[in-house]
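Tertiary structure, described
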Amino acid sequence: MNPNEQPDLKLQDVVEIEGIRYLVSTIKIEVRHAWLNQNSYVKVYETMVFEKEKGQVQYDKVIYNKRYTTYKCAVDGHAEILKHLSKIIKIYHTSLKSM
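Described in the following lines is the structure provided in the data block.

Conventions and cut-offs
- Residues numbered from 1 in each chain as written.
- Predicted model: local features only at pLDDT ≥ 70, side-chain atom pairs only at ≥ 80, totals over all residues.
- Heavy atoms only, no water.
- Salt bridge = Lys/Arg side-chain N within 4 Å of Asp/Glu carboxyl O.
- Buried < 20%, exposed > 50% of the residue type's maximum accessible area, 1.4 Å probe, protein only.
- Helix = DSSP H or I, 4+ residues; strand = E, 2+ residues; numbered from the N terminus.
- Contact = heavy atoms within 4.5 Å.
- Expected span 1.5 Å × (residues − 1).
- Arc of directions from axis to C-beta.
- Pairing = 2+ DSSP bridges.
- Axes fitted to C-alpha atoms, helices over the stretch in contact; angles between N-to-C directions.

1. Details of the pattern of salt bridges
With the rule as written, the count across this model stands at three salt bridges. Between K61 and E53 there is a salt bridge, with its nearest N and O atoms 3.8 Å apart. Given the relative accessible area of 39%, K61 is considered partly exposed. K72 is paired through a salt bridge with D76; the nearest N and O atoms lie 2.6 Å apart. Taken together, the residues K72 and D76, both in helix α1 (residues 71–83) and four residues apart, mark about one turn of the helix.

Here it is as structure tokens:
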């Protein structure tokens, strides 16, 4: 099913790992990549993970993101990210050290 025709979605969870809080957010977004010769506006679902510092979400520091084309995949993907968040965070911090 075309994401443009699927329901809106807003899932948000705040998870604390080793004393640091993270926001896991899944929403339906509109993306415009007209150069792809597709529709001018395409709707997809996206999950993003952000760190929270002093109660503020650090939107400019994306730890992880994943896009989906269906509502069900987005809901399932959000749950999988929550399930594996510790591993995702560890991989993110390891990759920063190697840069």
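2. Some details on the side chain of S25
The topology assignment puts S25 in strand β2 (residues 20–31). With residues up to four places along the chain from it excluded, the contact list for S25 reads L11, Q12, E46, T47, M48 and H78.

3. Digging into helix α2 (residues 85–97)
The end-to-end C-alpha distance of α2 is 19 Å, a good match for the 18 Å that 13 residues give at a rise of 1.5 Å each. Every buried residue belonging to α2 is among L85, I88, I89 and Y92, and all of these are buried. Down the axis of α2, the smallest arc covering the buried residues is 100°, so these residues share one side. Every exposed residue of α2 that faces more than 90 degrees away from the buried side is listed here: K87, K90, I91 and K97. In this structure, the buried side of α2 is in contact with β1 (10–17), β2, β3 (42–53), β4 (56–68) and α1.

4. Details of the sheet that holds β2
Spatially, four strands are ordered β1-β2-β3-β4 in an open sheet, and the strand pairing comes out antiparallel. The sheet terminates laterally at β1 and β4, the two strands that pair on one side only. Neighbour to neighbour, the strand axes of the sheet diverge by 25° on average, direction disregarded. Of the strand pairs in this sheet, β3 and β4 are connected by eight bridges, and their pairing is antiparallel. Bridged to K52 within β4 is V57. The sheet strands contacting α1 are β1, β2, β3 and β4, and the helix crosses β4 at an angle near 125°.

5. Some words on unusual backbone geometry
Even without being a glycine, E18 presents a positive backbone phi close to 50°. On the basis of relative accessibility, which here comes to 80%, the residue E18 falls in the exposed class. Of note, K54 is a non-glycine position whose phi angle comes to about 50°, a positive value. Topologically, K54 is positioned in the loop between β3 and β4. Here K54 falls in the exposed class, since its relative accessible area comes to 86%.

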